[in-house]
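Analysis of the macromolecular model
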Amino acid sequence: MVLLSKASSSVSSEQYSYTSNCMPTTFSSSSSSSVPIVDLSKPDAKTLIVKACEEFGFFKVINHGVPMEAISQLESEAFKFFSLPLTEKEKAGPPNPFGYGSKRIGPNGDVGWVEYLLLNTKQEHNFSVLGKNPEKFRCIVNSYMSCVRKMACEILELVAEGLKIQPKNAFSKLVMDKQSDSVFRVNHYPACPELAMKGENLIGFGEHTDPQIISLLRSNNTSGLQISLRDGSWLSIPPDHSSFFINVGDSLQVMTNGRFRSVRHRVLANGVKSRLSMIYFGGPPLSEKIAPLPSLMKGKESLYKEFTWFEYKNSTYGSRLADNRLGHFERIAAS
Ligand SMILES: C=C1C[C@]23C[C@H]1CC[C@H]2[C@@]12CCC[C@@](C)(C(=O)O1)[C@H]2[C@@H]3C(=O)O
Ligand SMILES: O=C(O)CCC(=O)C(=O)O
Ligand SMILES: [Fe+2]
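Residues numbered from 1 in each chain as written. Chains lettered and ligands numbered in written order. Predicted model: local features only at pLDDT ≥ 70, side-chain atom pairs only at ≥ 80, totals over all residues. Heavy atoms only, no water.

Short version of the rule: UniProt positions are given in the numbering used here, feature names are shortened, and annotations may be inferred rather than shown by experiment.
Looking up the chain in an unreviewed UniProt entry gives the name gibberellin 2beta-dioxygenase, with the organism given as Flemingia macrophylla. In UniProt, the chain has this text filed under Sequence similarities (unreviewed entry): "Belongs to the iron/ascorbate-dependent oxidoreductase family. GA2OX subfamily."

Printed below as a string of structure tokens:
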């Protein structure tokens, strides 16, 4: 993304979305509402995780076990990549769906103040175009990803234990499967100085829910992430570069028959500092049926029609970011 290089790239002349600064937003540090913090090394982790997934579909994790070195190596490689000239970066694009993308998100007209790399976790894409030293990039991405996948597995096992589900790998086996359809994304939101002068916020990444099972997000110390609360207000999440933020995805909402909430979230661009985030989206194999676990139904009917991850993913790619994608798959209760 080139900022202010020519008149037409000025923020005000493009089709971005804005939201008023005057909208009610709460800061997570305020006493009324704060995001749960789970210490993965403590015995109460499973109870806190279940509660957070029910109330928010979102929580913060400390003592996560991912070495800071793996994180900072990836961060510095990613910053190096995003600081290349646009023409260099575009050699790794367009994202179809994998590769380098700028401003456009998905195939259906969504735009944001963001550039990104979308990678699959199976290394099938062409790394040879990723920056100046693609082998190094690949190696750093792979070691980061295996640490984060391990944490995803640990969290999903705690979820199963907390929900008293047997076997305890009922969820985690889906992301650990060799066929798991997981995705990895690095987002870069350049600082947008024009913003500081306006009474509005610029959308970096529009509101949406993540379709997969679980998302593990780590960012630098720049703010921007917000989650939507039950009353529709937005809660700003203070950044914390040494912690991870975990989202419940649509698939986990379905597998828990609506007990867990897939959280709506968005990112606002920052007027002063650039934001770099990396997100691992843990997904099931394509052929996997996404349905409530029998032990969570307690004799009740499924709230959802039967579908496979393949079907859900296809429908996802036909949707806009803000759409309620699960809506099509809800079962209308017989009256
Ligand atoms: C408009 C879009 C863009 C989508 C697909 C569709 C709706 C949901 C978006 C996401 C959101 C979560 C990560 C991602 C990788 C995913 O699986 O769903 C995104 C994907 C993309 O950025 O390509
Ligand atoms: O970049 C971020 O901080 C979050 C972006 C996001 O929600 C996504 O890529 O799905
Ligand atoms: Fe997301």
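Now, onward.
Topic: the site of ligand 1
Our working definition: Proximity is defined per residue: if any heavy atom of the residue lies within 4 Å of a molecule or strand, that residue is considered near it. We define a polar contact as two N or O atoms separated by no more than 3.5 Å, with the added condition that, inside protein, one atom must be a possible hydrogen donor and the other a possible acceptor, whereas residues neighbouring each other in sequence contribute only through side-chain atom pairs. Only the protein chains shown count as covering a residue, and every accessible area follows the Shrake-Rupley method with a 1.4 Å probe. Three classes are used: nonpolar for Ala, Val, Leu, Ile, Met, Phe, Trp, Tyr, Cys and Pro, charged for Asp, Glu, Lys and Arg, and polar for all others, with Gly counted as polar.
Arg185, Pro211, Gln212, Tyr317 and Arg325 are the nearest of the 15 residues found near ligand 1. In the model, an oxygen atom of ligand 1 is placed 2.8 Å from a nitrogen or oxygen of the Gln212 side chain. If ligand 1 stood free it would expose 450 Å²; the protein chains cover 97% of that surface. Per-class residue counts for the shell around ligand 1 are six nonpolar, five polar and four charged.

Things to note about the site of ligand 2
The criterion, for reference: A helix here means a DSSP run of H or I that spans at least four residues, while a strand means a run of E at least two residues long, and both kinds are numbered starting from the N terminus.
What surrounds ligand 2 is a group of 13 residues, the closest being Asn187, Tyr189, His265, Arg275 and Ser277. Separating an oxygen atom of ligand 2 from a side-chain N or O atom of Asn187 is a distance of 3.0 Å. Within the side chain of His265, one N or O atom sits 2.9 Å away from an oxygen atom of ligand 2. Of all the secondary structure elements, the ones that give two or more residues to the shell around ligand 2 are strand E7 (183–189), strand E8 (200–208), strand E13 (265–268) and strand E14 (275–282). By residue number, the principal contributor to the shell around ligand 2 is E14, which donates four residues. Of the residues contributing to the shell around ligand 2, the split by class is six nonpolar, four polar and three charged.

Describing the coordination of the iron ion (ligand 3)
Formally: Donor selection uses N, O and S atoms within 2.8 Å of the metal (3.2 Å for Na, K and Ca). Since no water is included, sites may look incomplete. Remark: exposure states derive from per-residue accessible area (1.4 Å probe, protein chains only) relative to the maximum for the residue type, with buried under 20%, exposed over 50%, and partly exposed in between.
Binding of the iron ion (ligand 3) to the protein goes through His208 (NE2), Asp210 (OD) and His265 (NE2), at separations of 2.1 to 2.2 Å. Along the chain, the residues that donate to the iron ion (ligand 3) are spaced as H-x1-D-x54-H. Placement of the pair is His208 in strand E8 and His265 in strand E13, with a sequence separation of 57 residues. No difference in accessibility class separates His208 from His265, as the two residues are buried.

Some thoughts on the packing of helix H1 (residues 45–55) against helix H4 (residues 134–162)
Let me state the cut-off plainly: Between the N-to-C directions of two axes lies an angle of 0 to 180 degrees, each axis being a line fitted to C-alpha atoms and, for a helix, fitted only over the stretch in contact. Throughout, the term roughly parallel applies to angles under 35 degrees, roughly antiparallel to angles over 145, roughly perpendicular to angles from 65 to 115, and oblique to all others. We call two residues contacting when some pair of their heavy atoms lies within 4.5 Å.
Where H1 meets H4, the axes come as close as 8 Å, and the angle between the chain directions of the two elements is 85 degrees. By the angle between their axes, H1 is roughly perpendicular relative to H4. Mapping the contact onto sequence places Ala45, Lys46, Ile49 and Val50 in H1 and Ile155, Leu158, Val159, Glu161 and Gly162 in H4. Classifying every residue of the contact of H1 with H4 by side-chain character gives six nonpolar, one polar and two charged.

Structural notes on the sheet that holds strand E9 (residues 214–219)
Quick reminder of the rule: We call two strands paired when DSSP finds no fewer than two bridges between them.
Judged by pairing direction, the sheet is mixed, and its eight strands sit side by side in the order E3-E4-E12-E9-E14-E7-E6-E5 without closing on themselves. Each of the sheet's edge strands pairs with one partner strand only, and the pair in question is strand E3 (37–39) and strand E5 (99–105). Neighbour-to-neighbour, the strand axes of the sheet open up by a mean angle of 25 degrees, direction not taken into account. Pairing geometry for E9 and E14, over six bridges, is antiparallel. Paired with Ser219 across the two strands is Ser277, which belongs to E14. Its contacts with the sheet place H4 against strand E4 (58–62), strand E6 (110–120), E7, E9, strand E12 (244–248) and E14, and it is angled at close to 125 degrees to E9.

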